[in-house]
Amino acid sequence: DQQVKQNSPSLSVQEGRISILNCDYTNSMFDYFLWYKKYPAEGPTFLISISSIKDKNEDGRFTVFLNKSAKHLSLHIVPSQPGDSAVYFCAARGLSGSARQLTFGSGTQLTVLP
Amino acid sequence: DAGVIQSPRHEVTEMGQEVTLRCKPISGHDYLFWYRQTMMRGLELLIYFNNNVPIDDSGMPEDRFSAKMPNASFSTLKIQPSEPRDSAVYFCASTANPAYEQYFGPGTRLTVT
């Protein structure tokens, strides 16, 4: 039972346009969400995060939006650059129980075309 | 700091053989995590340690898998005997504060033939 889902395995976007990566979750106990970026032959690296008390967090070209009622978050990259081509994982963390665990989605391969 | 260090980077072995993956966390990080990445299931948490003590191993697929952390700077993930379905990329990650992000190593790509 996947608690964090990234339903699009891949996405292609033209350079300079907006990239929107989506993530859905089922566990209402998740209170903190993260996006990681992964290049081939490297480990995932932290990109941006958002607490459940917020609905938006921005860092340069990257913005994460959280819609708690829909249990949905998205990552916007504007403008997209070829160097953004990577696999993007969303992750969620719970408040109690296995609170120190991150549950990851299956990833979305973003390709930014020059 | 060099970041999280994993070895080997690639491992090819035959079914039935023992495989040992190694991890050195970032100095000062009290939490260490082992993950497995596959095409079908994405990134799965296998086990994590706090202060060298295993806290949650519910993600370990079966008894063939075992993990140890003999000291704060070293952890191993062992598979014995290995099977072709164990083929995946195994990541180690560490953090000083589990409330926030974890720092991943480059991974070990395991192929079991």
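Quick caveat, the model's predicted, so the values are computed rather than measured. (Residues numbered from 1 in each chain as written. Chains lettered and ligands numbered in written order. Predicted model: local features only at pLDDT ≥ 70, side-chain atom pairs only at ≥ 80, totals over all residues. Heavy atoms only, no water.)

Novice: For this particular structure, what's the right way to read the overall build of chain B?
Specialist: Each helix and strand in chain B was counted, giving 0 helices and 11 strands. Ordered by position in the sequence, the α and β elements of chain B form the string β-β-β-β-β-β-β-β-β-β-β. The C-alpha radius of gyration of chain B comes to 13 Å, within 12% of the 13 Å expected for a compact globule of 113 residues. Judged by the C-alpha coordinates and their principal axes, chain B covers about 35 × 25 × 25 Å. Within chain B, buried positions represent 48% of all 113 residues. (Helix = DSSP H or I, 4+ residues; strand = E, 2+ residues; numbered from the N terminus. Rg over C-alpha atoms; globule rule 2.2 N^0.38 Å. Buried < 20%, exposed > 50% of the residue type's maximum accessible area, 1.4 Å probe, protein only.)

Novice: I would appreciate a short explanation of the nonpolar core in the present structure.
Specialist: A general trend in soluble globular proteins is that nonpolar side chains are found buried together. Formed by 23 residues in total, the largest nonpolar core has its most connected members in Phe33, Trp35, Leu73, Leu75 and Tyr88 of chain A. Mapped onto this core, the elements with two or more residues apiece are strand S3 (19-25), strand S4 (30-38), strand S5 (45-51), strand S7 (62-67), strand S8 (72-77), strand S9 (86-94) and strand S11 (108-113) of chain A. Tallying contributions element by element places S9 of chain A first for this core, with 4 residues. Those residues in contact with Leu73 of chain A that lie beyond four places of it in its chain are Leu21, Asn22, Cys23, Tyr25, Phe33, Trp35, Val64, Phe65 and Leu66 of chain A. Counting 21 residues, the second-largest nonpolar core is a separate cluster that includes Val4, Leu32, Cys92 and Val112 of chain B. (Core = buried A, V, L, I, M, F, W, Y, C linked by side-chain atoms within 4.5 Å. Contact = heavy atoms within 4.5 Å.)

Novice: Whenever I open this one, the sheet that holds strand S8 (residues 74-79) of chain B confuses me. Can you help?
Specialist: Strands in a sheet are paired, the pairing made by backbone hydrogen bonds, and the direction either parallel or antiparallel. Residue and element names in this part refer to chain B. The 4 strands lie next to each other as S1-S3-S8-S7, forming an open sheet whose pairing is antiparallel. A strand with exactly one partner marks an edge of an open sheet, and here the two such strands are strand S1 (5-7) and strand S7 (65-71). Mean inter-strand twist for the sheet, computed between neighbouring axes without regard to direction, equals 15°. Of the strand pairs in this sheet, strand S3 (residues 19-24) and S8 are connected by 5 bridges, and their pairing is antiparallel. Paired with Thr20 across the two strands is Lys78, which belongs to S8. (Pairing = 2+ DSSP bridges. Axes fitted to C-alpha atoms, helices over the stretch in contact; angles between N-to-C directions.)

Novice: How should the sheet that holds strand S1 (residues 4-5) of chain A be read in this particular structure?
Specialist: All names here are of chain A. Overall, antiparallel pairing links the 5 strands, which are arranged S1-S3-S8-S7-S6 in an open sheet. Here the strands that pair on one side only, and so sit at the sheet edges, are S1 and strand S6 (56-59). Bridging between S3 and S8 involves 6 bridges; their strand directions are antiparallel. From the neighbouring strand, Ser19 faces S8, where its bridge partner is Ile77.

Novice: Explain unusual backbone geometry to me, please; I cannot follow it from the model alone.
Specialist: Trans is the common state for peptide bonds, and a negative phi is the common state for residues other than glycine. In this structure, Pro79 of chain A follows Val78 of chain A across a cis peptide bond, with omega equal to -10°. Position of Pro79 of chain A relative to the elements: it lies in the loop between S8 and S9. Omega for the bond connecting Gln80 of chain B with Pro81 of chain B falls within 30 degrees of zero, at -5°, which places this linkage in the cis form. Its location among the elements puts Pro81 of chain B in the loop between S8 and strand S9 (88-95).

Novice: Looking at this model, I keep getting lost on the side chain of Lys37 of chain A. Mind explaining?
Specialist: Residues and elements named next belong to chain A. Mapped onto the fold, Lys37 is located in strand S4. It is Asp84 that comes nearest to the buried, bridge-free Lys37 among opposite-charge side chains, at 4.5 Å. For Lys37, the side chain forms a polar contact with the side chain of Tyr39, separated by 3.1 Å. (Lys, Arg positive; Asp, Glu negative; His and termini not counted. Salt bridge = Lys/Arg side-chain N within 4 Å of Asp/Glu carboxyl O. Polar contact = N/O pair within 3.5 Å; in protein donor to acceptor, adjacent residues only side chain to side chain.)

Novice: Explain the environment of Ser12 of chain A here, please?
Specialist: Residue and element names in this part refer to chain A. Its place among the elements puts Ser12 in strand S2 (residues 10-14). The sequence separation of Ser12 and Leu113 amounts to 101 residues, and the corresponding C-alpha distance is 7.1 Å. If we skip the residues at most four places from it in the chain, Ser12 touches Thr111 and Leu113.

Novice: Just to check I follow, could you spell out the interface of chain A and chain B for this structure?
Specialist: In many analyses, interface size is given as the accessible surface area lost on bringing the parts together. On the chain B side, the residues contacting the 18 residues of chain A number 20 residues. Interface area, chain A with chain B, both sides summed: about 1,600 Å², of which 57% is carbon and sulfur. Our count for the chain A to chain B interface comes out at 0 salt bridges. Our count for the contact surface shared by chain A and chain B stands at 2 residue pairs in polar contact (both at pLDDT 80 or more). At the level of secondary structure, the elements contributing two or more residues to the side of chain A that touches chain B comprise S4, S9 and strand S10 (102-104) of chain A. Considering each element in turn, the side of chain A that touches chain B owes the most residues, 4 residues, to S4 of chain A. Residue classes in the side of chain A that touches chain B are distributed as 9 nonpolar, 5 polar and 4 charged. (Buried area = accessible area lost by both parts, 1.4 Å probe. Nonpolar A, V, L, I, M, F, W, Y, C, P; charged D, E, K, R; others polar.)

On their own, these measurements won't tell you what the molecule is for.
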